[in-house]
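# Per-entry structural report
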Amino acid sequence: MLLVVSELVTNAIQHAGGVTGFALRAEEGRVTVTVDDASPSPPYRRRSPVWAPGGFGWPMVLELSAQVRVEPGTRGKAVRAVLPLAH
């Protein structure tokens, strides 16, 4: 969960005009992380060579999360990642 939160916040700061909202919601068996940012543009997979720095965060979020949604807002977007809790 820490890795997903870190990547979503870092992406918002570096690529999307900054974090405008943040929430964690725990439910039975899962946690939902929501990071709002100032850009309406959705995240995307970078097509860069493996030796080039960067480009690994978004694919990592997609791989570690059970579900990821990008929801447009009036002043940017919300990125929601649902993570299963280990027993």
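Summarised in this report is the structure supplied together with it. In this text the structure is predicted, and so the values were computed from the model without any measurement.

How each quantity is defined
- Residues numbered from 1 in each chain as written.
- Predicted model: local features only at pLDDT ≥ 70, side-chain atom pairs only at ≥ 80, totals over all residues.
- Heavy atoms only, no water.
- Helix = DSSP H or I, 4+ residues; strand = E, 2+ residues; numbered from the N terminus.
- Buried < 20%, exposed > 50% of the residue type's maximum accessible area, 1.4 Å probe, protein only.
- Polar contact = N/O pair within 3.5 Å; in protein donor to acceptor, adjacent residues only side chain to side chain.
- Contact = heavy atoms within 4.5 Å.
- 1 Å grid on protein atoms, 1.4 Å probe; cavity = no way out; pocket = protein on both sides within 12 Å on 5 of 7 lines; lining within 4 Å.
- Points joined across faces, edges and corners; volume = space filled by probe spheres on them.
- Nonpolar A, V, L, I, M, F, W, Y, C, P; charged D, E, K, R; others polar.
- Salt bridge = Lys/Arg side-chain N within 4 Å of Asp/Glu carboxyl O.
- Pairing = 2+ DSSP bridges.
- Axes fitted to C-alpha atoms, helices over the stretch in contact; angles between N-to-C directions.

### Focus on the side chain of Lys77
Position of Lys77 among the secondary structure elements: in strand S4 (residues 76-84). Under the relative-accessibility criterion, Lys77 is labelled buried at 6%. In this structure the side chain of Lys77 is engaged in a polar contact, spanning 3.0 Å, whose partner is the backbone oxygen of Ser39. Engagement of the side chain of Lys77 in a polar contact is seen with the backbone oxygen of Ser41, the distance being 2.7 Å. Excluding residues within four positions of it along the chain, Lys77 makes contact with Ala16, Val35, Asp36, Asp37, Ser39, Pro40, Ser41, Pro42, Pro43, Val70, Glu71 and Pro72.

### Quick notes on the layout of surface pockets
Put simply, the largest pocket is a space of about 460 Å³. Mapped onto the lining of the largest pocket, the elements with two or more residues apiece are helix H1 (2-15), strand S2 (30-37), helix H2 (57-64) and S4. Element by element, the count of residues in the lining of the largest pocket is highest for H1, at seven residues. A per-class count over the lining of the largest pocket returns eleven nonpolar, nine polar and five charged.

### Section: the pattern of salt bridges
Evaluation of the coordinates by the stated rule reveals five salt bridges. A salt bridge links Arg25 to Glu27; the shortest N-O distance between them is 3.3 Å. Of the charged contacts, one joins Lys77 and Asp37 as a salt bridge, the two residues approaching to 2.8 Å between their closest N and O atoms. Placement of Lys77 in strand S4 and of Asp37 in strand S2 is noted, with a sequence separation of 40 residues between them. Exposure class is identical for Lys77 and Asp37. Each is buried. Linked by salt bridges that have partners in common, Arg25, Glu27 and Arg30 make up one network.

### Some remarks on the sheet that holds S2
Reading across from one edge, S1-S2-S4-S3 is the order of the four strands in this open sheet, with antiparallel pairing throughout. Across the chains shown, the open sheet's two edge strands, defined by having one partner strand only, are strand S1 (19-27) and strand S3 (67-73). For this sheet, the mean angle separating the axes of adjacent strands, direction not counted, is 15°. Pairing of S3 with S4 involves seven bridges; the strand directions are antiparallel.

### Quick word on the pairing of S2
The element S2 is largely enclosed, with a buried count of six among its eight residues. Strand direction decides the pairing type here: S1 and S2, joined by eight bridges, are antiparallel. Bridging across to S2, Ala23 finds its partner in Thr34. Here S1 hands over to S2 after two residues, with Gly29 in that stretch at a positive phi of 85°. The pairing of S2 with S4 spans eight bridges and is classified as antiparallel. In the strand pairing of S4, Asp36 is matched with Ala78.

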